[in-house]
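Here is how the chains run, residue by residue.
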Amino acid sequence: MDLITLAEVSGNLSTIGYGLAAIGPGIGIGIVFGKAIESTARQPELGGRIQTLMWLGFGLIEILALLGFIAFFIMK
């Protein structure tokens, strides 16, 4: 009976772990877009270059979120 309870608890902990893993990339995406808007406001002539770097940073941060999602299923 205790083994079944332990399995249920570990399943719930992995769900909570993915939720916590999604917080970091969410904050990171907000920072990237906020700083890109701030940079474009300060130097509008570099808007295209800033936008390219913003999307690159967004992609790298999003990979972290997807890795957390994949790890959720692997650990399950």
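Use the structure listed above.
Our subject in this report is the structure included herewith. (Residues numbered from 1 in each chain as written. Predicted model: local features only at pLDDT ≥ 70, side-chain atom pairs only at ≥ 80, totals over all residues. Heavy atoms only, no water.)

Digging into the environment of Thr52
Link 1 in the chain: Inspection of the secondary structure puts Thr52 in helix α2 (residues 47-75).
Link 2 in the chain: Note: C-alpha distance between Thr52 and Ala36 (16 residues apart in sequence) is 9.8 Å. (Helix = DSSP H or I, 4+ residues; strand = E, 2+ residues; numbered from the N terminus.)

Here we look at α2
Link 1 in the chain: In a regular helix each residue adds 1.5 Å, so 29 residues correspond to 42 Å; α2 covers 42 Å between its end C-alpha atoms and thus fits that length.
Link 2 in the chain: Listing the buried residues of α2 in full gives Gly47, Ile50, Met54, Gly57, Ile61, Ala65, Gly68 and Phe72. (Expected span 1.5 Å × (residues − 1). Buried < 20%, exposed > 50% of the residue type's maximum accessible area, 1.4 Å probe, protein only.)

Points about the pattern of salt bridges
Link 1 in the chain: Under the counting rule described, the total for this entry stands at two salt bridges.
Link 2 in the chain: A salt bridge links Glu38 to Lys35; its shortest N-O distance comes to 3.7 Å. Note that Glu38 and Lys35 are positioned in helix α1 (residues 2-42) at a spacing of three residues, about one turn of the helix.
Link 3 in the chain: What makes Glu38 partly exposed here is its relative accessible area of 34%.
Link 4 in the chain: Put simply, Lys35, Glu38 and Arg42 are held in one network by salt bridges that share partners. (Salt bridge = Lys/Arg side-chain N within 4 Å of Asp/Glu carboxyl O.)

Observations regarding the environment of Gly68
Link 1 in the chain: Among the structural elements, Gly68 can be located in helix α2.
Link 2 in the chain: Accessibility expressed as a relative area gives 17% for Gly68, which makes it buried.
Link 3 in the chain: As for Gly68 and Ala22, which are separated by 46 residues in sequence, their C-alpha atoms are 7.2 Å apart.

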